Amino acid sequence: NRRANLRLASKSVNMFNKKLSPQVSKTSKYRGVSWYKTRAQWRATIIQDKKQKHLGYFLTELEAFDAYKKACLTLYGFYPYDMKHHPENDDRKDD
């Protein structure tokens, strides 16, 4: 890693880059999504200020994951696993 390739990040934002262990993701292959048995629906959640924030219930796993990604963009300005959305990594030039 070169200094020019690195970005400033808080510990919580940097932890997004950590892969999920197999035990953490038992019901969904997506971060922030789990099966809510009581309602028989997919549930999306995100951690904000060390507290779990409920994003809603969804009929499909992908709908729940989309809600999680939108919450990441709203809270952090980018989706951690797709760094092209991060403003510091935007290669477009202002015209």
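Reference entry: report on the structure contained in this document. Nothing here was measured: the structure is a model prediction, and the numbers come from that model.

Moving on: the sheet that holds strand β2 (residues 41–48). Strand order in the open sheet made by the three strands is β1-β2-β3, with antiparallel pairing throughout. The sheet is open, and its two edges are formed by β1 (33–36) and β3 (51–58), each paired on a single side. Going across the sheet, the axis of each strand differs from the next one's by a mean of 35°, ignoring polarity. Alignment of β2 against β3, held across seven bridges, turns out to be antiparallel. Directly across from Q48, in β3, lies its bridge partner K51. Sheet strands touched by helix α2 (residues 61–76): β1, β2 and β3. Its angle to β2, the strand with the most contacts, is close to 15°.

Here the focus is unusual backbone geometry. Positive phi, close to 55°, is recorded for D49, a residue that is not glycine. Inspection of the secondary structure assignment puts D49 in the loop between β2 and β3. Residue classification places D49 among the exposed positions, given a relative accessible area of 67%. The residue K50 is not glycine, and still its phi comes out positive at about 65°. Along the polypeptide, K50 turns up in the loop between β2 and β3.

Here we come to the environment of L75. By the element assignment, L75 lies in helix α2. On the basis of relative accessibility, which here comes to 30%, the residue L75 falls in the partly exposed class. With 28 residues separating them along the chain, L75 and I47 place their C-alpha atoms 10.0 Å apart. Apart from the residues lying within four places of it in its own chain, the contact partners of L75 are I46 and Q48.

The next subject is the pairing of β2. Where β1 and β2 come together, four bridges link them in antiparallel fashion. Looking at β2, one finds that Y36 is bridged to Q41. What sits between β1 and β2 in their antiparallel hairpin is a turn of four residues, with A40 showing a positive phi close to 55°.

Turning our eyes to something else, we now look at the nonpolar core. In summary, soluble globular proteins display a tendency toward joint burial of nonpolar side chains. If you look at the biggest cluster of nonpolar residues, it comprises 11 residues: V33, W42, A44, I46, F58, A64, F65, A67, Y68, A71 and C72. Of all the secondary-structure elements, those providing two or more residues to this core are β2 and α2. Looking at this core, the element that brings in the most residues is α2, giving six residues.

What counts as what
- Residues numbered from 1 in each chain as written.
- Predicted model: local features only at pLDDT ≥ 70, side-chain atom pairs only at ≥ 80, totals over all residues.
- Heavy atoms only, no water.
- Pairing = 2+ DSSP bridges.
- Helix = DSSP H or I, 4+ residues; strand = E, 2+ residues; numbered from the N terminus.
- Axes fitted to C-alpha atoms, helices over the stretch in contact; angles between N-to-C directions.
- Contact = heavy atoms within 4.5 Å.
- Buried < 20%, exposed > 50% of the residue type's maximum accessible area, 1.4 Å probe, protein only.
- Core = buried A, V, L, I, M, F, W, Y, C linked by side-chain atoms within 4.5 Å.

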